[in-house]
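What the coordinates show
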Amino acid sequence: MSDKSRVPFILVRLKNFLRLLTKSRLAFSGMLLLIIFIVGAAAAPILTTSYPTEKVAAGLVPPAWTAYVFGATRYSQNIQFGGLAASTNTTGTGLSLQSTLAGPDAIDVHVNSTSGGTILIAKTLNYPYSASPLEFEGTVSIIPTGVSATRPANAIVFMERKDLGQYGPLWNSSLVTSGQQYHQELQSFGLEQRLGFVAGTNLGQVIFSGKGTYSLVLMLTLPQGPFQAEFVVTKLTMSLFGNSFGLLGSDAQGADIFSQLLYGARLSLMVGLVATGIGIGLGLVIGLMAGFLGKAVDEILMRFTDMMLVIPSLPLLIVLATVLGSSLLNIIIILGFLGWMGFARLVRSQVLSLRERPFIEAAKASGAGTGYILSRHIFPNIVGLTYVNLALSVPAAIVGEAALSFLGLGDNSAITWGKMLELANESHGGLAWWWVVPPGVGIALLSLAFILVGYSLDELFNPRLRRRR
Amino acid sequence: MGLRGYLFRRAINTIILILFVIILNFSIFQLLPGTQGVISNLLQNPRITDKSIIGKYQNQFGLCSHFNPATNACTLATPWERFQTYFVNMLTFNFGVSYQSGHPIFQDMIQTGRLYNTLILLGVSTVFSLLIGIFLGVFVASKRGTLFDTGWVTTSLVTYSLPTFWMGLLFILIFAQNLHWFPPGGVIPFTWQTPPPLLVYLAVRAQYLFLPALVLTLYFYGGHLLLTRATMLESLSEDYITTARAKGLSERKVLFKHALKNASLPIVTNAALAFGGLLGGAIITETVFNWDGLGHWIFSAIGYKDFPVMQAMFYIIALCVIAANFVADILLGVLDPRIKYE
């Protein structure tokens, strides 16, 4: 019976809320913002290609679109070598080769030679940018079969620009063990001296000095005499990291800031909602107890609430986070436990006025117990307040977490918006606007969304504020 | 109950609050793990041959009830005994020794100029935020409903709700890094060995002070503006304002002499409260701008796990807030003859 009557009531409220959304522009924009954030946070793995800490670009490069906006002529973006193919060198006689592609980065080569020779497994790139890449990074990985310690094959990796020369060897190794995987990461840092340059030379700039056709070559030199072997190149890749990247650029570690922003939205929403949930729950319990039980309980609880209200919250947060440790869970709990006072007072005053209403007296007269009255009569009357406060206190929790993270008390494994700002502030290259602006805008807009929704909920639940139509 | 009784009650309340803060501060740091860990670490460290050194350290950090300097023998104090010494220390502002510098905290606070720096920053930003907030609030209230009104209300809400650290970073980015108008942080230039001529000195210091003070001012003026506007709107609708206007008084006199004076009560108490809360708000701003004050000290204490400093700063900030609350209560009681003393 009671369930039947409750469902339409909820529906009416939902209908009212939807009507409010269509009537009030502020409520609508708040809801829209909130939905954008929630969708962005939920779809983070789809919308981004990398994790927040994964290196996918050169360090501290601006967003790709800035080149168009500011009209920069010298810019470059991330680009990769492609078009993997194997070929023989004409110097070898009696050399036959059979290759099968196994994906864009892998190739399987069968070789049959009578008197040695070389095989070239190469990828090409038509470099379209006038500016050089800042860094490059690649992998070569090969499993030979049919080689031995007495008859090894030799593998060399180098890069080549048509007519301008070769740069190598990036890797040079003798393949002696059949079936073993030979693996090497090729990075622009640390290779300078091997290629004959002064340490600290920007290899990207030296090698990719302009537009043109480049190739990345894995050269296999076969031993003399009749030789039959199979080379499985499981990976041959090379990525060039340009001086601009993606939607929001990269941080000092070369991670995607857009990805950090979306994953950070997840954390911020979680911190805000869970911490506020704890705070609202505590406030509800304490407020209900104080208001309904009254007398000594009320006096003690409210004195305690007043004391907690006076104590400055940020220093207390700092002290607690330092002492208890700053994992994300700890921070959420601390924020929750410091966010109940205002709501407790509100609930108490509401309960004090509800307590004297005739319907409570009627319930008491018909023998209802304290628990029954609280859950069936008082609680439904303050549910609206709860929603409103939930929405209105989320921003405080989000900003609180960001402030703690900014002070270095955040969870080091969680890239929250506050953490992003802390890292941006500590970065040595000065502040980068594409790193500083997005998290702050995120915090501000998410707070705004919750405040707008909160006020519109307030209008819905608080009859005194409802506009007359 | 008269005014005296009201003040007495507030005073008792304040004392209870201070007790509460001391107990809270003591118990939070009791939660710290680590004593056992430190002891086993000391015992297992092969470089430390004299194991009795533990007693020396325990004495140094006030953990002993009896200590024999000759043998380094330490009788550990019970938590209750420690609380007693702690309690007396807090009341006498004897905060112990900073782990970072090894100096007494009270001395570090004053002799390094931290207190002075913080007072300058907070003083300037409080004065400006109050002036701007109150004057704008009065004007905004007098032009209720116009674009001027909604514009300033929205602006102050925005600046009030933006995180201060982000505002600070943006200002550094724009005004220090790109435009080079102001230094990105610090209190005075590192290169100053001896102070330059007075005018240069003042100009450069003002340049260093500008950005942090601006951030704090922007953060605090909004609250004053909104409060002034609200109380002004209330008092502008009173009959005596109509009378004053009917008398032919200038609008300026009506606003400031008649309306603001009667609306000033909540503004004054709020200003007192704001001054107490400033120190807490300054932590982040001082950190962003590397302003070597008390707030920045807390930040560096976090990094060094300098617990005595954190404990002392939390206590001092809480004391400021409590004192501000007390002052606000007194002001309210003295200024408003209508107040009802329960």
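Residues numbered from 1 in each chain as written. Chains lettered and ligands numbered in written order. Predicted model: local features only at pLDDT ≥ 70, side-chain atom pairs only at ≥ 80, totals over all residues. Heavy atoms only, no water.

**Considerations on the overall build of chain B**
We apply this condition: Under the scheme used here, helices are H or I runs from DSSP no shorter than 4 residues and strands are E runs no shorter than 2 residues, and both carry numbers assigned from the N terminus. Atoms considered for the radius of gyration are the C-alpha atoms alone. The globule rule reads 2.2 Å times the number of residues to the power 0.38. Using a 1.4 Å probe on the protein chains alone, a residue whose accessible area is under 20% of its type maximum counts as buried, one over 50% counts as exposed, and one in between counts as partly exposed. The contact rule is simple, with two residues in contact once any of their heavy atoms fall within 4.5 Å. Here the Shrake-Rupley method, with its probe set to 1.4 Å, supplies the accessible areas, and only the displayed protein chains count as covering residues. Charged-residue counts in this description rest on Lys and Arg as positive and Asp and Glu as negative, His and the chain ends being excluded. To locate a charge, take atom NZ for lysine, CZ for arginine, CG for aspartate or CD for glutamate.
From N to C terminus, chain B includes 13 helices and 2 strands. Expected size for 342 residues packed as a compact globule is a radius of gyration near 20 Å; at 26 Å, chain B overshoots this value by more than 25%. Counting over 342 residues, chain B shows a buried share of 42%. Sequence separation of 24 or more characterises 68% of the internal contacts of chain B that already satisfy a separation of 6 or more. Approximately 18,300 Å² of chain B is accessible, and the part contributed by carbon and sulfur atoms is 66%. Of note, chain B has its 21 positive side-chain charges centred 4 Å away from the centre of its 14 negative side-chain charges.

**Comments concerning the interface of chain B and chain A**
Using the following cut-off: Accessible area, probed at 1.4 Å, shrinks when two parts are joined; the buried area is that loss added up over both. Salt bridges are counted wherever a side-chain nitrogen of Lys or Arg sits within 4 Å of a carboxyl oxygen of Asp or Glu. Pairing of N or O atoms within 3.5 Å defines a polar contact, subject to two protein rules: one partner must be a possible hydrogen donor and the other a possible acceptor, and residues neighboring in sequence count only if both atoms are side-chain atoms. Polarity classes work like this: nonpolar for Ala, Val, Leu, Ile, Met, Phe, Trp, Tyr, Cys and Pro, charged for Asp, Glu, Lys and Arg, and polar for all others, with Gly in that last group.
Opposite the 36 residues of chain B that make contact, chain A presents 33 residues. Buried surface at the junction of chain B and chain A, both sides included, amounts to about 3,100 Å², of which 88% is carbon and sulfur. Seen at the junction of chain B and chain A, the total is 0 salt bridges. Applying the counting criterion to the chain B and chain A interface returns 2 residue pairs in polar contact (both at pLDDT 80 or more). No other element matches helix H13 (residues 307-335) of chain B, which puts 8 residues into the side of chain B that touches chain A. Here the side of chain B that touches chain A is composed, by residue class, of 31 nonpolar, 4 polar and 1 charged.

**Regarding the pattern of salt bridges**
In a structure, side chains of opposite charge can pair up when their charged atoms sit close to one another. Counted under the stated rule, the structure contains 12 salt bridges over all chains. Here A:Asp306 makes a salt bridge to A:Arg303, at a shortest N to O gap of 2.8 Å. Linking A:Asp306 with A:Arg303, this pair stays in helix H7 (residues 295-310), spanning 3 residues, or about one helical turn. B:Asp149 is the partner of B:Arg229 in a salt bridge, and the nearest nitrogen-oxygen pair spans 2.9 Å. Taken together, the residues span a long stretch of sequence, with B:Arg229 in helix H9 (residues 198-236) and B:Asp149 in helix H7 (residues 147-161) at a distance of 80 residues. Comparing B:Arg229 with B:Asp149, the two get one shared label, buried.

**Quick word on the domain arrangement of chain A**
One widely used convention gives an interface's size as the accessible area the parts lose upon coming together. Residues and elements named next belong to chain A. Selection criterion: Where each domain begins and ends follows an automated or database-derived domain assignment.
As assigned here, chain A comprises domain 1 (3-58 + 252-461) and domain 2 (76-241). Each of domain 1 and domain 2 has a C-alpha centre, and the two are 55 Å apart. With 4 residues of domain 1 at the interface, the matching set in domain 2 holds 5 residues. For the pair domain 1 and domain 2, the summed buried surface comes to about 350 Å²; carbon and sulfur atoms form 58% of the total. On the domain 1 side of the interface with domain 2, the three residues burying the most area are Lys55, Val56 and Ala58, jointly 89% of the side's total. In this structure, the connection of domain 1 to domain 2 is made through 1 salt bridge. Our count for the domain 1 to domain 2 interface comes out at 2 residue pairs in polar contact (both at pLDDT 80 or more). When its residues are assigned to classes, the side of domain 1 that touches domain 2 shows 3 nonpolar, no polar and 1 charged.

**Description of the nonpolar core**
The tendency in soluble globular proteins is for nonpolar side chains to be buried as a group. What counts, and what does not: Residues belong to one nonpolar core when they are buried, are Ala, Val, Leu, Ile, Met, Phe, Trp, Tyr or Cys, and are joined through side-chain atoms within 4.5 Å.
In this structure, A:Ile318 and B:Phe165 are the most contacted members of the largest nonpolar core, which totals 134 residues. The element that contributes the greatest number of residues to this core is H13(B), accounting for 13 residues. Filtering out sequence-adjacent residues up to four positions away, A:Ile318 remains in contact with A:Leu404, A:Leu407, A:Leu409, B:Ile283, B:Ile298, B:Ile302 and B:Met310. Ranked by size, the runner-up nonpolar core spans 46 residues in total, among them A:Ala153, A:Leu170, A:Phe208 and A:Met238.

**Points about helix H12 (residues 370-409) of chain A**
This is how it is decided: Expected span, for any helix, means 1.5 Å times one less than how many residues it has. At every residue, the bend is computed as the angle between two fitted axes, covering the seven residues ending there and the seven beginning there respectively.
Taking 1.5 Å per residue as the helical rise, H12(A) with its 40 residues ought to reach 58 Å, whereas the 43 Å between its terminal C-alpha atoms falls clearly short. In the structure, H12(A) departs most strongly from a straight axis at A:Phe379, where the bend amounts to approximately 55 degrees and where the proline A:Pro380 lies between one and four residues downstream.

**Some points on the environment of A:Leu18**
Within the secondary structure, A:Leu18 is located in helix H1 (residues 2-23). Taking C-alpha positions, A:Leu18 is 15 Å from A:Leu34, a pair spaced 16 residues apart along the chain.

**Observations concerning the confidence of the model for chain B**
Quick note on the threshold: Each residue gets a pLDDT score, which is the predictor's confidence in that residue and runs from 0 to 100.
In this model, chain B carries an average pLDDT of 85, and 96% of its residues clear a pLDDT of 70 or more. Least confident of the elements in chain B is helix H2 (residues 35-44) of chain B, whose mean pLDDT is 68; most confident is helix H8 (residues 164-178) of chain B, at 92.

**Topic: the packing of H7(A) against helix H1 (residues 3-30) of chain B**
Just so we agree on the cut-off: Here the axes come from fitting lines to C-alpha atoms, over the contacting stretch only for helices, and the angles between their N-to-C directions go from 0 to 180 degrees. Reported orientations rely on four angle classes, namely roughly parallel under 35 degrees, roughly antiparallel over 145, roughly perpendicular from 65 to 115, and oblique for the rest.
Two numbers describe how H7(A) lies on H1(B): the axes approach to 11 Å, and their chain directions differ by 70 degrees. The orientation of H7(A) with respect to H1(B), classified from their angle, is roughly perpendicular. Across the interface between the two elements, A:Phe304, A:Met307, A:Met308 and A:Val310 from H7(A) touch B:Ile16, B:Leu17 and B:Phe20 from H1(B). Taken together, the residues that form the contact of H7(A) with H1(B) break down as 7 nonpolar, no polar and no charged.

**Thoughts on the packing of aromatic side chains**
Operational definition: Stacked, tilted and edge-to-face are the three classes applied to pairs of Phe, Tyr and Trp rings, where Trp contributes its six-membered ring and a pair requires centres within 6.5 Å; stacked means planes under 30 degrees apart, edge-to-face means over 60, and tilted covers the rest.
A complete count under the given rule lists 30 aromatic pairs over all chains for this structure. Judged by centre distance (5.9 Å) and plane angle (45 degrees), the rings of A:Tyr127 and A:Phe208 are tilted. One end of the pair, A:Tyr127, is in strand E5 (residues 117-127); the other, A:Phe208, is in the loop between helix H5 (203-207) and strand E10 (212-222), with 81 residues separating them in the sequence. Comparing A:Tyr127 with A:Phe208, the two get one shared label, buried. Centroid distance B:Trp80 to B:Phe83: 6.0 Å. Interplanar angle 20 degrees. Geometry classified as stacked.

**Examining the side chain of A:Ser113**
All names here are of chain A. Within the secondary structure, Ser113 is located in strand E4 (residues 107-113). You can call Ser113 buried: its relative accessible area is 2%. Non-local contacts of Ser113, meaning those with residues more than four positions away in its chain, are made with Gly94, Leu95, Leu222, Gly225, Pro226 and Phe227.

**So, the confidence of the model for chain A**
On average, residues of chain A score 86 in pLDDT, and 95% of them are at 70 or above. Model confidence for chain A, summarised as mean pLDDT per element, is weakest for H1(A) at 70 and strongest for helix H9 (residues 328-337) of chain A at 93.

**A word on helix H8 (residues 313-324) of chain A**
Taking 1.5 Å of rise per residue, 12 residues should cover 16 Å, and H8(A) covers 16 Å from first to last C-alpha, within 8% of that figure. The buried fraction of H8(A) amounts to 10 of the 12 residues, a majority that puts the element mostly inside the structure. Within H8(A), the full set of buried residues consists of A:Leu314, A:Pro315, A:Leu316, A:Leu317, A:Ile318, A:Val319, A:Leu320, A:Ala321, A:Thr322 and A:Val323. Looking at the buried residues of H8(A), the elements they touch are H9 and H12 of chain A together with H1, helix H11 (251-288), helix H12 (294-304) and H13 of chain B. Positioned one or two residues after H8(A), A:Gly325 has a phi angle of 95 degrees, which is positive.

**Quick notes on the pairing of strand E7 (residues 153-161) of chain A**
Remember that side chains alternate between the two faces of the sheet whenever the strand is regular. Residue and element names in this part refer to chain A. Put simply, the rule reads: At least two bridges found by DSSP between two strands is the condition for calling them paired.
Burial analysis of E7 places 7 of its 9 residues in the buried class, the great majority of the element. The pairing of E7 with strand E8 (residues 165-175) spans 8 bridges and is antiparallel. Pairing of Met159 across the sheet is with Tyr167, part of E8. Two successive antiparallel strands, E7 and E8, enclose a turn made up of 3 residues, where Asp163 displays a positive phi of approximately 70 degrees.

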